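Analysis of the macromolecular model
Listed here are the chains, written in short residue letters.
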Amino acid sequence: MKFAVFVALFGGAIVAVAALIGRRKKPEPAPGTGAARTPAPKTSPPATAPEAAAGAATSNWLVGEEGEVKGKTFLIGARTITIGRGTTNFVQLNTEEASRVQCQIRSTPNGLLLTDMKSANGTFVNGARVREHVLKEGDVIRIGDAAMTYREKGDYGKDFGLGRKEAGLAQARETRFAGPMNWKSTIADALKANHGNHEVAAQQLGITVEAMHQLMKQHGLDG
């Protein structure tokens, strides 16, 4: 009996010692041994937005398709422009089928609005004669034998309208400065073509509204 109790106590002591040894902290692996740490992946710096290229797409173009405007492109942007036979139009058409000021295109909350200025032969969009029309992508404007397609966005490079406008204004100014009667008739024609709209008439003439009013008073057109 005493021997059995001794064996039981001795066995329990061995188990306890083994448990204590198992609880000892395992040593850290020496440098260069054991599982290697996976290095953190390298991250590239955030890409910066590319600078706008010189030929980036811009808004509101007229692309010449037929007639004398074929192959020419006109950037409207946010401008108010006119199309017609007169030299001061943004798009000048050298044809008797076009009125001096055929139509106007201006920006509105609903888009670009084309307005026919009561022209003799009419302005056509997609084959139909229009008085007013909000332009949509792909609309074809036809005046006489000249046809232009409206494009909301594009990169067409050269703006023929800007060069035409500057040349026309220079020529018109040279003609007007020749004598006072030229101013009188020119302003009267511009007001008539634009149905009395002083702002549009002055813009077409290349002068401010205030300057036009002064000239009107000088030449008896203030009434």
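Our subject is the structure that appears above.
Residues numbered from 1 in each chain as written. Predicted model: local features only at pLDDT ≥ 70, side-chain atom pairs only at ≥ 80, totals over all residues. Heavy atoms only, no water.

Focus on the overall build of the protein chain
- The helix and strand tally for the protein chain stands at five helices and 11 strands.
- Across the 223 residues in the protein chain, those meeting the buried criterion constitute 34%.
- Intrachain contacts of the protein chain at a sequence separation of at least 6 include 45% that bridge at least 24 residues. (Helix = DSSP H or I, 4+ residues; strand = E, 2+ residues; numbered from the N terminus. Buried < 20%, exposed > 50% of the residue type's maximum accessible area, 1.4 Å probe, protein only. Contact = heavy atoms within 4.5 Å.)

A look at the pairing of strand β11 (residues 146-154)
- In the sheet, strand β1 (residues 58-66) pairs with β11 via seven bridges, with the strands oriented antiparallel. Considered in β11, the bridge of Val 63 is made with Thr 149.
- Summarising the sheet, strand β10 (residues 140-143) and β11 pair through four bridges and their orientation is antiparallel. The partner of Ile 141 across the bridge, within β11, is Met 148.
- Here β10 hands over to β11 after two residues, with Gly 144 in that stretch at a positive phi of 60 degrees. (Pairing = 2+ DSSP bridges.)

With respect to the environment of Val 134
- Mapped onto the elements, Val 134 comes out in strand β9 (residues 132-134).
- In this structure the C-alpha to C-alpha distance between Val 134 and Ser 107, which are 27 residues apart in sequence, comes to 9.5 Å.

Some remarks on the side chain of Thr 95
- Structurally, Thr 95 is set in the loop between β4 (91-92) and β5 (103-108).
- For Thr 95, a relative accessible area of 14% corresponds to the buried category.
- A distance of 3.2 Å separates a polar side-chain atom of Thr 95 from the backbone nitrogen of Glu 97.
- In this view, Thr 95 contacts Glu 68 and Arg 85; residues no more than four positions away in its chain are not counted. (Polar contact = N/O pair within 3.5 Å; in protein donor to acceptor, adjacent residues only side chain to side chain.)

A closer look at the packing of aromatic side chains
- Within this structure, the stated rule accounts for one aromatic pair.
- Above the plane of the ring of Phe 160 lies Lys 158, whose end atom (NZ or CZ) is 4.6 Å from the centre. (Phe/Tyr/Trp six-rings, centres within 6.5 Å; stacked < 30°, edge-to-face > 60°. Lys NZ or Arg CZ within 6 Å of the ring centre and 35° of its normal.)

Considerations on the environment of Thr 208
- As for its position among the elements, Thr 208 is in the loop between α4 (198-205) and α5 (209-218).
- Relative accessible area serves as the criterion here: at 46%, Thr 208 is assigned to the partly exposed category.
- Taking the C-alpha atoms as reference points, Thr 208 and His 198, 10 residues apart in sequence, are found 9.6 Å from one another.

These values are about where atoms sit, not about what they do.
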